[in-house]
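Coordinate analysis (summary)
Letter by letter, the chains look like this.
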Amino acid sequence: MDLDHVSDDLTHVLYSQADIERRLAEVGAQIDRDYAGRELLLVGVLNGAVMVMADLSRAMRSHCEMDWMAISSYGSGTQSSGVVRILKDLNTDISGRDVLVVEDIIDTGLTLSYLMSNLQSREPASLEIMTMFRKPEALQNPIDVKYVGFDIPNEFVVGYGLDYAGRYRNLNGVGTLAPHVYS
Ligand code: PRP
């Protein structure tokens, strides 16, 4: 779905499909250089990371494998609590593997703090993070992120995997949701 189709629901557009494609080409090329001669396992965090996983992996020129985790954050409403339950674990044994966790957004950082310590305990050869979006102002836990698509303001954003009440994930770009939609 194009951003134009929901323009009444957005106060402004942050990044178009073309902006995202351009940035992922750069990040994909950087990953190819950094992992030359090694085969990465990309770990996508469902549901939001589906779009970035599909586009990032195709922007890369090297072979990679993909696996998925589904997690649920305990807590109310839109705020992440940092207490995380694994709904679907990896199918892959990551011990000795080069692992890159792929996320759509880092907001408070609480979800990834939990996930990274969980994955680290499985003794991968290396463990890094790629996130399409990051909200530096919302970060509560310092997280070492190797690849960031875009740093964005601390606003309610939707599109490109990011939802509000399950909708807008399939927008081809990202915009700020208008208050009349959620108030
Ligand atoms: C989003 C996103 C991250 C998490 C980031 O997932 O995909 O996993 O929130 O928030 P945090 O940095 O504050 O912990 P969400 O729980 O909305 O599930 P979804 O991917 O299914 O949309």
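Residues numbered from 1 in each chain as written. Predicted model: local features only at pLDDT ≥ 70, side-chain atom pairs only at ≥ 80, totals over all residues. Heavy atoms only, no water.

1. Points about the site of the ligand
Of all residues adjacent to the ligand, which total 15 residues, the nearest are Glu 103, Asp 104, Thr 108, Gly 109 and Thr 111. At a separation of 2.9 Å, an oxygen atom of the ligand approaches a polar backbone atom of Gly 48. In this structure, an oxygen atom belonging to the ligand sits 2.4 Å away from a side-chain N or O atom of Thr 111. Coverage of the ligand by the protein amounts to 78% of the 500 Å² it exposes when considered alone. Among the secondary structure elements, those contributing two or more residues to the shell around the ligand are strand S5 (98-106) and helix H3 (110-120). With 4 residues, S5 is the single largest residue contributor to the shell around the ligand. Split into classes, the residues belonging to the shell around the ligand amount to 4 nonpolar, 6 polar and 5 charged. (Near = heavy atom within 4 Å. Polar contact = N/O pair within 3.5 Å; in protein donor to acceptor, adjacent residues only side chain to side chain. Areas by Shrake-Rupley, 256 points an atom, 1.4 Å probe, with all protein chains shown as cover. Helix = DSSP H or I, 4+ residues; strand = E, 2+ residues; numbered from the N terminus. Nonpolar A, V, L, I, M, F, W, Y, C, P; charged D, E, K, R; others polar.)

2. Describing the sheet that holds S5
Read from one edge of the open sheet, 6 strands run S4-S3-S2-S5-S6-S7, paired in mixed fashion. Every interior strand has two partners, whereas the edge strands, strand S4 (84-88) and strand S7 (147-151), have only one. Adjacent strand axes in the sheet meet at a mean angle of 30 degrees when their direction is disregarded. As paired strands, S5 and strand S6 (residues 126-134) are joined by 8 bridges and run parallel to one another. Within the sheet, the bridge partner assigned to Val 101 lies in S6 and is Ile 129. (Pairing = 2+ DSSP bridges. Axes fitted to C-alpha atoms, helices over the stretch in contact; angles between N-to-C directions.)

3. A short note on the pairing of S7
Summarising burial for S7: 4 of the 5 residues are buried, a large majority. Pairing geometry for S6 and S7, over 4 bridges, is parallel. From the neighbouring strand, Phe 133 faces S7, where its bridge partner is Phe 150. (Buried < 20%, exposed > 50% of the residue type's maximum accessible area, 1.4 Å probe, protein only.)

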